[in-house]
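# Coordinate inspection notes
Given next are the chains, with one letter for each unit.
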Amino acid sequence: MSEALANLLNETRQFPPPAALAAQANVTADAYDEAGADRLAFWERQAGRLAWARPWDEVLDWSNPPFAKWFVGGQLNVAYNCLDRHVEAGNGDRVAIHWEGEPGDTRTLTYADLHRLTCQAANALTDLGVVAGDRVAIYLPMIPEAAVAMLACARIGATHSVVFGGFSADALSNRISDASAKVVITADGGYRRGKPSALKPTVDEAVANCPSIEHVLVVRRTGEEVAWSAKDHWWHEAVEAASAEHVAQPFDAEHPLFILYTSGTTARPKGILHTTGGYLTQAAWTAHAVFDLKPETDVYWCTADIGWVTGHSYIVYGPLANGATQVMYEGTPDTPHKGRFWEIVDKYKVSILYTAPTLIRTMMKWGDDIPAGFDLSSLRLLGSVGEPINPEAWMWYRQHVGRGELPIVDTWWQTETGAIMISPLPGVTATKPGSAMTPLPGVVADVVDDQGQSVPNGGGGYLVLREPWPSMLRTIWGDDNRFIETYWSRFEGMYFAGDGAKKDDDGHIWLLGRVDDVMLVSGHNISTTEVESALVSHPSVAEAAVVGATDPTTGQAIVAFAIPRGTTDISGEAGERLITELRNHVAKTLGPIAKPRQIMLVPELPKTRSGKIMRRLLRDVAENRSLGDVTTLQDSSVMELISSGLSGGKSDED
Ligand code: 6R9
């Protein structure tokens with residue numbers, strides 16, 4: 001039988017947790033034993049970290065798989081857990097959000113401030129006729145009102161659907177219609193790359209096609225002129241006029257908390273539905289365990305957009321449920337200069353930084369001297385999410401951001417899983433650069449072959465989850481059949497995540513990219529991640545993407561796109577030489593089977609808003625080129641080809 005996925009990359013470096021962190025860690029190795037002995041009792045204890053208005057009767061009802069019910073019969077209010085209980089405990093003066101606008105304006109919101117604003121927004125939404133069970137769309141820039149809007153919905157039991165501020169009117173109206181949202185919360189605009197970037201016109205265009213929308217609440221952020229209709233209300237007028245008194249009602253543990261759309265590779269977006277008790281339990285516990293959050297002393301910063309699941313679980317619900325202090329930043333990392341992120345770390349004395357591999361590789365490309373120009377000594381823990389992190393990017397992160405000593409947690413999870421599933425525990429795990437290591441306590445993951453059989457150590461295949469988990473998606477909004485088809489049909493009784501993975505000789509898990517992207521070269525299934533990591537391990541490469549392109553001899557051939565590091569000379573013959581060297585470097589690192597047929601040196605790669613490389617577009621480019629044309633040096637026509645498929649940079653893909 002053929003192997004499901006080849007295991008080519010061999011990485012032997014390993015870093016134990018710093019002794020001081022391990023000695024004080026929130027979670028120790030005992031957690032694995034406890035969860036191993038009784039998984040449901042383990043999750044029950046983590047649910048106990050929250051405040052419940054009514055305790056549950058049963059931890060898990062799995063009598064009708066794949067439709068799970070967690071903490072059956074329990075009742076709680078998510079906003080109460082994220083705000084009121086911290087204020088009641090005497091921590092109202094603690095900073096919840098240090099907000100930094102892109103132009104440099106700032107706001108500081110304590111837990112008492114956030115609580116007051118959320119109560120007012122809850123009253124304002126109620127005044128507009130929003131009741132528990134209604135859907136509210138949120139289309140906002142990275143401003144505190146985004147968190148307030150989400151919490152206000154949660155507070156009154158309305159289900160929010162946050163849509164990326166970069167999406168088109170079409171994408172927005174499809175999502176509003178699919179969920180029949182009653183209200184949309186937006187802003188006049190936000191700041192991006194030094195300029196105001198309008199949002200309201202996109203909403204106006206979308207709402208014109210959405211009869212379900214009764215009201216539009218508009219936050220004033222940029223002060224730019226906006227068109228106005230009878231449905232529109234200024235946020236500041238509605239919210240500021242509303243009472244700050246609001247008693248949070250408890251909702252059932254399985255009450256719908258939010259819908260978040262992911263489109264994957266096929267057309268119609270899927271509305272991933274998350275509910276209340278299980279979601280908050282796992283979001284809160286993982287923030288506590290994986291980031292080792294100490295609410296009294298840490299300053300935490302997750303650089304994700306709030307429209308990505310990472311922003312939901314690790315800006316809003318996880319950190320706030322723990323009473324943490326965090327930084328929220330509106331803008332891009334290179335505005336007004338390429339050191340903006342490090343300046344923010346320095347300014348707010350950030351101690352925990354959670355970001356994406358795409359950003360780390362971008363920082364690598366910009367050069368080591370940029371982080372070196374700032375005081376990053378407040379940092380004590382680094383995290384990564386969104387894509388496999390190549391070993392070289394991991395090492396760069398540790399070296400140039402983490403002073404060569406900080407632990408890195410590479411966290412694997414998905415919109416569908418709701419919270420982190422596979423990750424090191426920072427005080428326990430000896431990490432390997434590029435590996436997400438082991439499933440968290442209470443999570444049962446495996447790598448299986450085509451037949452659904454567990455692969456032995458050293459083998460590659462499909463990443464699956466064998467047991468339900470509290471923050472799992474409950475269904476696809478309005479389409480239970482698609483939920484079953486998409487996630488539970490490939491392997492009997494298992495959730496299939498869509499990712500390829502391997503177990504190394506110690507049984508540690510390495511993510512190998514989406515199985516849709518796997519390349520079939522002369523009968524071997526080769527992962528994009530391993531070839532990309534081999535390319536990035538060359539000192540002249542900052543970032544790489546590879547795709548399989550149809551090839552008359554090998555079935556598919558590997559075509560690579562590489563972004564050179566900082567000062568690399570890629571003109572004329574130097575470029576030709578570099579390409580030859582890179583092809584040989586990959587062959588030497590992974591074996592001749594993985595040698596790219598063709599490498600193009602490019603200045604940029606097409607990415608989604610959450611930083612994932614859109615290999616589909618690169619495949620189009622790769623397959624349209626004539627075979628003889630092997631070397632293209634910073635050929636702008638390559639990028640024109642790529643960008644012509646991107647419809648003005650507003651990608652509707654995540
Ligand atoms: C949280 C998030 C999910 C997909 C997932 C996988 C990729 C995320 C990763 C990772 C390797 C990691 N992914 N984290 N791959 N290592 N640490 O990203 O959710 O936007 O739904 O994407 O992202 O392919 O299946 P989402």
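All values derive from a computational prediction rather than experimental measurement.

### Considerations on the overall build of the chain
- Check the secondary structure of the chain and you find 20 helices and 31 strands.
- Taken over C-alpha atoms, the radius of gyration comes to 24 Å for the chain, in line with the 26 Å a tight globule of 654 residues would show.
- Projecting the C-alpha coordinates of the chain onto the three principal axes gives extents of approximately 70 × 60 × 50 Å.
- Burial status across the chain gives 63% buried among its 654 residues.
- Residue pairs in contact within the chain that sit at least 24 positions apart in sequence constitute 73% of those at least 6 positions apart.

### Observations concerning the UniProt feature "modified residue: N6-acetyllysine" (unreviewed entry) in the chain
- Following the UniProt record, the feature "modified residue: N6-acetyllysine" (unreviewed entry) maps to Lys612 here.
- Looking at where Lys612 falls in the secondary structure, it is placed in the loop between strand 30 (598-601) and helix 19 (615-624).
- When residues no more than four places from it in sequence are discounted, the contact partners of Lys612 are Trp308, Gly386, Glu387, Pro606 and Lys607.
- Within the structure, the side chain of Lys612 is placed 2.8 Å from the backbone oxygen of Gly386, a separation counted as a polar contact.

### Examining the sheet that holds strand 7 (residues 159-162)
- Judged by pairing direction, the sheet is mixed, and its eight strands sit side by side in the order 12-11-8-6-7-14-15-23 without closing on themselves. Two strands in the sheet have a free side with no partner beyond their single neighbour: strand 12 (232-234) and strand 23 (475-476).
- Where strand 11 (residues 215-219) lies against strand 12, three bridges are found, and the strand directions are parallel. Note on strand 12: the bridge partner recorded for Val216 is Asp232.

### Describing the side chain of Asn81
- Within the element layout of this structure, Asn81 appears in helix 4 (residues 78-91).
- Of the residues examined, Asn81 reaches a relative accessible area of 0% and is grouped as buried.
- Once residues within four sequence positions are removed from consideration, Asn81 is found in contact with Leu50, Ala51, Leu76, His86, Leu280, Leu320 and Ala321.

### Focus: the site of the ligand
- Near the ligand there are 18 residues, and of these Asp410, Thr411, Thr415, Asp499 and Arg514 occur at the shortest range.
- Note that a nitrogen atom of the ligand is positioned 3.4 Å from one of the backbone N or O atoms of Pro388.
- Bound to the protein, the ligand loses 94% of the 530 Å² it would expose on its own.
- Elements supplying a minimum of two residues to the shell around the ligand: helix 11 (309-321) and strand 25 (509-514).
- Considered class by class, the residues forming the shell around the ligand number seven nonpolar, five polar and six charged.

### Focus on the pairing of strand 14 (residues 256-262)
- Across the seven residues of strand 14, six count as buried, placing the element largely inside the fold.
- Strand direction decides the pairing type here: strand 7 and strand 14, joined by two bridges, are parallel. Within strand 14, the position partnered with His160 by the bridge is Phe258.

### Observations regarding the nonpolar core
- Ile185, Phe291, Tyr314 and Tyr317 are the most contacted members of the largest nonpolar core, which has 138 residues in total.
- Take this core: its biggest share by element is ten residues, from helix 6 (residues 144-156).
- Once residues within four sequence positions are removed from consideration, Phe291 is found in contact with Thr286, Tyr300, Tyr314, Ile352, Tyr354, Arg380, Leu381, Val409 and Ile420.
- Of all hydrophobic cores here, the second largest spans 55 residues; its members include Val350, Trp396, Ile570 and Leu601.

### What to know about the pairing of strand 24 (residues 495-503)
- Of all nine residues in strand 24, nine are buried; the element is thus mostly enclosed.
- The pairing of strand 22 (residues 460-465) with strand 24 spans five bridges and is classified as antiparallel. Across the sheet, the residue bridging to Val464 is Phe496, located in strand 24.
- With four bridges joining them, strand 24 and strand 25 adopt antiparallel strand pairing.

### Notes on the packing of aromatic side chains
- Considering all chains together, one arrives at 31 aromatic pairs under this definition.
- Aromatic side chains Phe67 and Phe483 sit 5.4 Å apart centroid to centroid with 50 degrees between the ring planes, which places their arrangement in the tilted category. Residue Phe67 is located in strand 2 (residues 67-72), and its partner Phe483 is located in helix 16 (residues 480-488); the two are separated by 416 residues in the primary sequence.
- A relative accessible area of 0% places Phe483 in the buried class.
- Residues Phe258 and Tyr317 carry aromatic rings whose centres are separated by 6.5 Å and whose planes lie at 5 degrees to one another, so their mutual orientation is stacked. Taken together, the residues span a long stretch of sequence, with Phe258 in strand 14 and Tyr317 in helix 11 at a distance of 59 residues. As far as the burial class goes, Phe258 and Tyr317 line up, both buried.

### Focus: the domain arrangement of the chain
- What the domain assignment lists for the chain is domain 1 (113-247) and domain 2 (538-645).
- For domain 1 versus domain 2, the separation of C-alpha centres amounts to 42 Å.

Reading the values: the criteria
- Residues numbered from 1 in each chain as written.
- Predicted model: local features only at pLDDT ≥ 70, side-chain atom pairs only at ≥ 80, totals over all residues.
- Heavy atoms only, no water.
- Helix = DSSP H or I, 4+ residues; strand = E, 2+ residues; numbered from the N terminus.
- Rg over C-alpha atoms; globule rule 2.2 N^0.38 Å.
- Buried < 20%, exposed > 50% of the residue type's maximum accessible area, 1.4 Å probe, protein only.
- Contact = heavy atoms within 4.5 Å.
- UniProt positions renumbered as here; feature names shortened; annotations may be inferred.
- Polar contact = N/O pair within 3.5 Å; in protein donor to acceptor, adjacent residues only side chain to side chain.
- Pairing = 2+ DSSP bridges.
- Near = heavy atom within 4 Å.
- Areas by Shrake-Rupley, 256 points an atom, 1.4 Å probe, with all protein chains shown as cover.
- Nonpolar A, V, L, I, M, F, W, Y, C, P; charged D, E, K, R; others polar.
- Core = buried A, V, L, I, M, F, W, Y, C linked by side-chain atoms within 4.5 Å.
- Phe/Tyr/Trp six-rings, centres within 6.5 Å; stacked < 30°, edge-to-face > 60°.
- Domains from an automatic or database assignment.

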